[in-house]
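In case you want the letters, here they are:
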Amino acid sequence: DWNMPNYVEEAIAKVREQVGQEEVILGLSGGVDSSVVAALLHRAIGDQLTCVFVDNGLLRLNEGAQVMDTFARNLGVKVIHVDAVGQFMGHLKGVSDPEQKRKIIGREFVEVFQAEAQKLPNAKWLAQGTIYPDVIESAGGKTKKAHAIKSHHNVGGLPETLNLKLLEPLRELFKDEVREFGVALGLPHEMVYRHPFPGPGLGVRILGEVKQEFADLLRRADAIFIDELRAADWYDKTSQAFAVFLPVKSVGVMGDGRTYEYVVALRAVQTSDFMTAKWAELPHELLGRVSNRIINEVRGINRVVYDISGKPPATIEWE
Ligand code: XMP
């Protein structure tokens, strides 16, 4: 008889017993899993926890501020905010191959995290938001992509190089249980029921070479899409929804003049396991509203298209 309040108490007790008086570091991404781990550890061991939040320049609009607000300001969690935008952008310059981009983003994350961890010589533990499906996935056969997901998501290699013990308090939980757990720990519903966001972030939603300018345009278009989805009550009816930046220019007209600007594709899917997915049949007037707002508000984008590809054969992300 699984029961959440008991589970919370047990999980807290277990962490306290495991960790004792030692210190723990956690890479906080703002995603559901690491957020729930942060909330749990803060509850269990308070100031013995230090979170590291890395801004890689590939986050969504205001994401950094939101994480700092929720954790540092409201919950009083110790969070180190690392601005690594220049470092990531520098290493991504001139790189357009999707897997190469993933590798660079994963590698730089490890680099930044390691440098921060070295500033915390008392830390003995590395906490990770590994959940039960991750455990199964790494035990069974894995595709190249599943491996890429793992290696970034669970920052493979860190525990060895840092000589830290691994703390994975969500290892036994399925995603829906992690969410329930998060709510029971007092995290905002909006945070816990967020769509998944890939580790490489906007890096795989900007096709080809990643540029700061593209990321800035994409962030604004994506925020408009998500805003309108929420307003129309469609956010919770989709499993994942986002904008994709296409580095392709097309001709448009504005007032008396022609424009020659970039294209954004909207992607919204419904799925239960992310292995297969169908494109969401969003109302046309909702799509129209999103398109109008993006084109009117985001100078630099003059065309919006909707992705009507299922998975398979298309993937959910465009890279
Ligand atoms: P695809 O695009 O393969 O995505 O249909 C399936 C799910 O996995 C997410 N995804 C990733 N997550 N690192 C991650 O942490 C990655 O490199 C990565 N690639 C895809 C994707 O957002 C979707 O939820």
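Since the structure is predicted, the reported quantities are computational estimates derived from the model, not experimental observations.

Scoring rules and cut-offs
Residues numbered from 1 in each chain as written. Predicted model: local features only at pLDDT ≥ 70, side-chain atom pairs only at ≥ 80, totals over all residues. UniProt positions renumbered as here; feature names shortened; annotations may be inferred. Helix = DSSP H or I, 4+ residues; strand = E, 2+ residues; numbered from the N terminus. Buried ≥ 20, exposed ≤ 12 C-beta atoms within 10 Å, placed from the backbone. Contact = placed C-beta atoms within 7 Å. Expected span 1.5 Å × (residues − 1). Arc of directions from axis to C-beta. Pairing = 2+ DSSP bridges. Right-handed = clockwise from strand over helix to strand, strands pointing away. Domains from an automatic or database assignment. Nonpolar A, V, L, I, M, F, W, Y, C, P; charged D, E, K, R; others polar. Core = buried A, V, L, I, M, F, W, Y, C linked by C-beta atoms within 7 Å.

A. Layout of the UniProt feature "binding site: ATP" (unreviewed entry) in the protein. The feature "binding site: ATP" (unreviewed entry), as given by UniProt, occupies Ser29, Gly30, Gly31, Val32, Asp33, Ser34 and Ser35 in the numbering adopted here. Counting through the fold element by element, Val32 comes out in helix α2 (residues 32-45). Taking the C-beta count within 10 Å as the criterion, Ser34 has 21 such neighbours and is therefore assigned buried. Discounting residues that sit within four places of it in the chain, Ser34 has contacts with Leu26, Gly27, Leu28, Ser29 and Gly129.

B. Examining helix α1 (residues 4-19) more closely. An ideal rise of 1.5 Å per residue puts 22 Å on 16 residues; α1 measures up with 22 Å between its terminal C-alpha atoms. Looking at α1, one finds that the buried residues are Ala11, Val15 and Val19. Down the axis of α1, the buried side of the element spans an arc of 45 degrees, and every buried residue falls inside it. Seen from the buried face of α1, the exposed residues on the opposite side, beyond 90 degrees, are Pro5, Asn6, Glu9, Glu10, Ala13 and Glu17. Buried residues belonging to α1 abut β1 (23-27), α2, β4 (123-127) and β5 (165-167).

C. Quick peek at the pairing of strand β6 (residues 240-254). Inspection of the sheet shows β6 paired to strand β7 (residues 257-270) by 13 bridges, in the antiparallel sense. Note on β7: the bridge partner recorded for Gly252 is Thr259. Counting the residues in the hairpin turn of β6 and β7 gives two residues, including Gly255, whose phi is positive at 60 degrees.

D. Quick look at the pairing of strand β2 (residues 49-55). β2 sits mainly inside the fold: six of its seven residues count as buried. Relative to β2, β1 runs parallel, the two being bridged by four bridges. Following the sheet pairing, Val24 is matched in β2 by Leu49. With α2 bridging β1 and its parallel neighbour β2, the resulting β-α-β unit is right-handed. Relative to strand β3 (residues 78-83), β2 is paired through six bridges, and the arrangement is parallel. Considered in β3, the bridge of Cys51 is made with Val79. Crossover handedness for the path β2 to helix α3 (residues 63-75) to β3: right-handed.

E. Main features of unusual backbone geometry. A cis geometry characterises the amide bond from Lys311 onward to Pro312, with omega recorded as -10 degrees. By the element assignment, Pro312 lies in the segment after β9 (301-306). For the peptide bond that leads from Pro312 to Pro313, omega is 5 degrees, which places it in the cis range. With a phi close to 60 degrees, Asn62 is a non-glycine residue in the positive phi region.

F. Geometry of the domain arrangement of the protein. Split into domains, the protein comes out as domain 1 (4-192) and domain 2 (205-306). Each of domain 1 and domain 2 has a C-alpha centre, and the two are 28 Å apart. At the junction of the two partners, domain 1 supplies ten residues and domain 2 supplies nine residues. Counted by class, the side of domain 1 that touches domain 2 contains five nonpolar, three polar and two charged residues.

G. Main features of the nonpolar core. Val24, Leu26, Val36, Leu41, Cys51 and Ala221 are the most contacted members of the largest nonpolar core, which has 80 residues in total. If you tally residues by element for this core, the top one is α2, at nine residues.

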